[in-house]
Amino acid sequence: MTASIPFVKMNGLGNDILVVDGRTVPTGLTADAIRRLSPRAGGIGFDQVVTLEPDPAGADVFMRIANADGGEVEACGNAARCIADRLFAETGAASLSINTLGGRLSARRRDDGIVAVDMGHARFGWQDIPLARPVDDTMAVGGVAAAEAAGLGPGSVANVGNPHIVYWVEDPDAIDLARLGPEIEHDALFPNRINATLAHVVDRARIDVRVWERGAGLTRACGTAACATAALAAHTGRTGRQVTIGLPGGDLEIAIGDDRSILMAGPVATDFTGALDPVAGTFVFDGTPEPAAAG
Ligand SMILES: N[C@H](CCC[C@H](N)C(=O)O)C(=O)O
């Protein structure tokens with residue numbers, strides 16, 4: 001087996017990201033290889049893959065994002081923090097511009113060492129999400145059969161680079177999101193599918209959430225879901241504009257600007273390194289690529 005490209009496994013509050021560097025040589029990582037590598041049983045195990053690339057639009061880096069199912073997506077908040085942390089360590093810089101399919105982000109390391117990322121602006125229009133049909137009040141979206149069958153009220157939708165629906169509930173853990181999540185994700189109302197969050201507003205400065213991620217399933221944390229939930233809560237008057245989002249993996253700090261800009265801050269960590277074969281979908285842990293065969 002020849003493992004041909006190095007990788008770093010990182011995580012933001014347990015939302016784990018495989019990072020590969022395609023800035024000098026394309027990685028050749030295919031959607032099929034991602035699907036083979038993502039399972040925690042037998043694979044490397046991750047929620048998303050991020051490939052660093054040169055940015056033709058002039059940002060410091062282009063961050064290409066794929067979910068565990070191999071599908072390419074527009075945004076990943078935890079990955080943005082992980083990438084920034086890694087590149088700050090690599091370059092000594094304390095700020096960074098990251099371009100993505102969902103728009104351009106800017107990251108900086110705060111004096112306390114925490115990485116903060118400006119995730120851009122929340123959009124609430126039905127075409128922005130997108131929804132499959134016009135909806136006047138996107139803060140109260142009904143018609144998702146599985147959610148209604150589960151007794152959830154209408155959801156609020158936002159696009160923060162990627163699409164999200166947030167259901168406001170008293171006790172997220174009382175709802176079987178593992179069963180409900182995929183039915184919401186694939187509902188016909190969402191032509192690009194959707195990330196689904198159950199949110200309990202604790203008080204005007206804290207919301208506890210559970211997230212089913214499009215293309216990845218239940219995760220320990222979801223940065224963009226935290227951003228969407230905080231933006232929607234502030235927009236509907238459920239909270240102020242400085243909100244702590246409590247996720248199974250820990251807390252994210254979100255600040256919503258009066259222009260609907262979103263600043264997200266939280267910890268990141270590096271788990272391990274290794275190398276993988278992007279075509280065969282095989283890998284070695286914490287090792288270096290196998291030495292070239294002798295001879
Ligand atoms: N599953 C998401 C992408 C990853 C988002 C999440 N990991 C985050 O930290 O924002 C989507 O399909 O839009």
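Residues numbered from 1 in each chain as written. Predicted model: local features only at pLDDT ≥ 70, side-chain atom pairs only at ≥ 80, totals over all residues. Heavy atoms only, no water.

Moving on, we come to the domain arrangement of the chain. Assigned domains within the chain: domain 1 (5-114 + 268-293) and domain 2 (121-261). Computed from C-alpha atoms alone, the centre-to-centre distance between domain 1 and domain 2 is 25 Å. In this assembly, 18 residues from domain 1 lie in contact with 21 residues from domain 2. Summed over both partners, the interface of domain 1 with domain 2 comes to about 1300 Å²; 46% of that surface belongs to carbon and sulfur atoms. (Domains from an automatic or database assignment. Contact = heavy atoms within 4.5 Å. Buried area = accessible area lost by both parts, 1.4 Å probe.)

Relative to the helices and strands, T138 is located in the loop between strand 8 (115-121) and helix 3 (145-149). Within the structure, T138 has its side chain in polar contact with the backbone oxygen of F124 (distance 2.6 Å). Sequence-distant contacts of T138, that is, excluding residues within four places in its chain, are made with F124, G125, W126, G155, S156 and V157. (Helix = DSSP H or I, 4+ residues; strand = E, 2+ residues; numbered from the N terminus. Polar contact = N/O pair within 3.5 Å; in protein donor to acceptor, adjacent residues only side chain to side chain.)

Our next topic: helix 4 (residues 177-185). Taken as a whole, helix 4 has its buried residues at L177, L180, G181, I184 and E185. The buried side chains of helix 4 occupy one side of the element, clustering within an arc of 130° when seen end-on. Along its buried surface, helix 4 packs onto helix 3, strand 10 (163-168), strand 11 (195-203), strand 12 (206-213) and strand 13 (217-218). (Buried < 20%, exposed > 50% of the residue type's maximum accessible area, 1.4 Å probe, protein only. Arc of directions from axis to C-beta.)

So, on to the pattern of salt bridges. Evaluation of the coordinates by the stated rule reveals 19 salt bridges. One salt bridge in this structure joins D69 and R193, with 2.9 Å as the shortest N-O distance. On the criterion of sequence distance, the pair formed by D69 in the loop between strand 4 (61-67) and strand 5 (72-73) and R193 in the loop between helix 4 and strand 11 is long-range, its members being 124 residues apart. Judged by its relative accessible area of 26%, R193 is partly exposed. Taking the shortest distance from any N to any O, the salt bridge between R123 and D128 comes out at 3.6 Å. Here the salt bridges share partners, and the residues they tie into one network are K9, D16, R40 and D47. (Salt bridge = Lys/Arg side-chain N within 4 Å of Asp/Glu carboxyl O.)

With respect to the element layout, D16 can be found in strand 2 (residues 15-21). For D16, a relative accessible area of 7% translates into the label buried. For the pair D16 and L247, spaced 231 residues apart in the sequence, the C-alpha separation amounts to 14 Å. If we skip the residues at most four places from it in the chain, D16 touches K9, M10, N11, R40, G45, F46, D47, Q48 and D271. Within the structure, D16 has its side chain in polar contact with the side chain of R40 (distance 2.7 Å).

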